[in-house]
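Analysis of the macromolecular model
Letter by letter, the chains look like this.
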Amino acid sequence: MSWAEHAICWHVYPLGFLGAPIRDRDAQVRDALTHRLLGLVAWLDYMVELGASALLLGPIFDSSTHGYDTLDHYRIDPRLGDETDFDSLVRECHERGLKVILDGVFNHVGAAHPAFGRALAGGPGGPEAALFRIDFDAPGGPRPADFEGHGDLVALDHESPAVLDFVADVMAHWCARGADGWRLDAAYAVAPEFWAQVLARVRASHPEVFVVGEVIHGDYVQLVEDSGWDSLTQYELWKAIWSSLKDGNFHELAHALGRHEEFLHAFVPMTFVGNHDVTRIASQVGADKAALAAVLLLSLPGIPSIYAGDEQGYTGVKEDRLGGDDDVRPLFPANPEELSDLGSSMHRVYQELIGVRRRHSWLHDAVVEVTSLSNEAIAYVCRERAGEAQLLVELDSVAGSARISSGEQALFVLP
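To start, this report covers the structure provided alongside it. Not measured: the values here are computed from a predicted model. (Residues numbered from 1 in each chain as written. Predicted model: local features only at pLDDT ≥ 70, side-chain atom pairs only at ≥ 80, totals over all residues. Heavy atoms only, no water.)

As for the overall build of the protein chain
Helix and strand counts for the protein chain come out as 13 helices and 20 strands. Relative to the globule expectation of 22 Å for 415 residues, the C-alpha radius of gyration of the protein chain, 22 Å, shows essentially globular dimensions. Its C-alpha atoms give the protein chain principal-axis dimensions of about 70 × 45 × 40 Å. In the protein chain, which comprises 415 residues, the share counted as buried stands at 56%. When contacts within the protein chain are restricted to residue pairs at least 6 apart in sequence, those whose partners lie at least 24 apart make up 69%. As presented, the protein chain carries roughly 16500 Å² of accessible surface, and 50% of it is formed by carbon and sulfur atoms. Positive and negative side-chain charges of the protein chain, numbering 31 and 62 respectively, have mean locations separated by a distance of 2 Å. (Helix = DSSP H or I, 4+ residues; strand = E, 2+ residues; numbered from the N terminus. Rg over C-alpha atoms; globule rule 2.2 N^0.38 Å. Buried < 20%, exposed > 50% of the residue type's maximum accessible area, 1.4 Å probe, protein only. Contact = heavy atoms within 4.5 Å. Areas by Shrake-Rupley, 256 points an atom, 1.4 Å probe, with all protein chains shown as cover. Lys, Arg positive; Asp, Glu negative; His and termini not counted. Charge placed at Lys NZ, Arg CZ, Asp CG, Glu CD.)

Okay, here's the thing in structure tokens:
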């Protein structure tokens, strides 16, 4: 049985969480070795007490600014530390029974990546030109393909055997250093056949590695089948959860649950109500309804991912501007003892819900049947797919109430 069947992830964006400078492009500042990564060790017991079992890390490899403009996939970002710090963090996680999932940015690299500079200088016949999609005959000079119009993110050429070799080697390299899994950033932008070839190589030496693709929309089932991923990010359910709560329309959620069941016949999606790219759930729907979102996240089938701070009721709004992610990627205290009282009731909600889920691990791939539905209230039964166990979940968004029960026994009640 794969460890992912029992995984509850705690998702951290390390550069923000640990207070690294993000947009300072000064080389001396960026390259100054600062051992911030070990600051996560102070939070590992907090993870265990919360009930999480996997640390899902945002980008930690050397980059120019926000981590998704990579400069060296084999080097820990010096703003976070070095490889020794990584080894120590992995060891501390594994000693507590925690898995470590890395963020793999393999669709593109930063425009300041040394190999890209050499590719431009070497021309179409140069040895590193095969790594990138560059139109060397474009008017005005060579024009590289980029990621969704971001000129500072240069697309790799995924039809090139050199890129296949490179990505497979990077993933295997960090698996050998202790990584247990990968989140593949912008996985939807790369042909699934590429991932299938990469993962066949990686799993030849690391068969237990867990791989989740970042996918916003598309044919989820076909993508997983063609790529070989274990899972993908369930953005359809994420949208339905916050939108149903915000707009008072649980009919949208009921529709999404029907889709979710279709996916579960093929794979188990990674579910979430927040991540480093979206407005915090407490800002999106308010504190009371954010607790209801937690009930949905942790009672529905999937591999739940909790974005660090959501369990404390953190707020933050994502904006479409330079620095628009800062509010949802804040600096955290040096240790959990320094947290304010803000969100302490939300923390207890998450702890209790995770406790329920751990005692009913079959929720991982449960069958969900909606039994009662109105705009602002919903009830559904979660049934064990290969057994007879079941739970009843009832939510009322007007009253801000929720109840999870087994027969006559209440397992969780809100408020």
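As for the environment of Trp 238
Secondary-structure assignment places Trp 238 in helix 9 (residues 235-247). With a relative accessible area of 14%, Trp 238 lands in the buried category. In this structure the C-alpha to C-alpha distance between Trp 238 and Phe 272, which are 34 residues apart in sequence, comes to 6.1 Å. Discounting chain neighbours no more than four positions away, the residues touching Trp 238 are Phe 272, Val 273, Gly 274 and Val 278.

Quick notes on the layout of surface pockets
Counted as a void, the largest pocket has a volume near 1000 Å³. Around the largest pocket, the lining is made up of 32 residues, and of these His 66, Asp 277, Lys 318, Asp 325 and Arg 329 lie nearest the centre. If you tally residues by element for the lining of the largest pocket, the top one is strand 10 (residues 150-155), at three residues. Its residues assigned to classes, the lining of the largest pocket shows 11 nonpolar, seven polar and 14 charged. (1 Å grid on protein atoms, 1.4 Å probe; cavity = no way out; pocket = protein on both sides within 12 Å on 5 of 7 lines; lining within 4 Å. Points joined across faces, edges and corners; volume = space filled by probe spheres on them. Nonpolar A, V, L, I, M, F, W, Y, C, P; charged D, E, K, R; others polar.)

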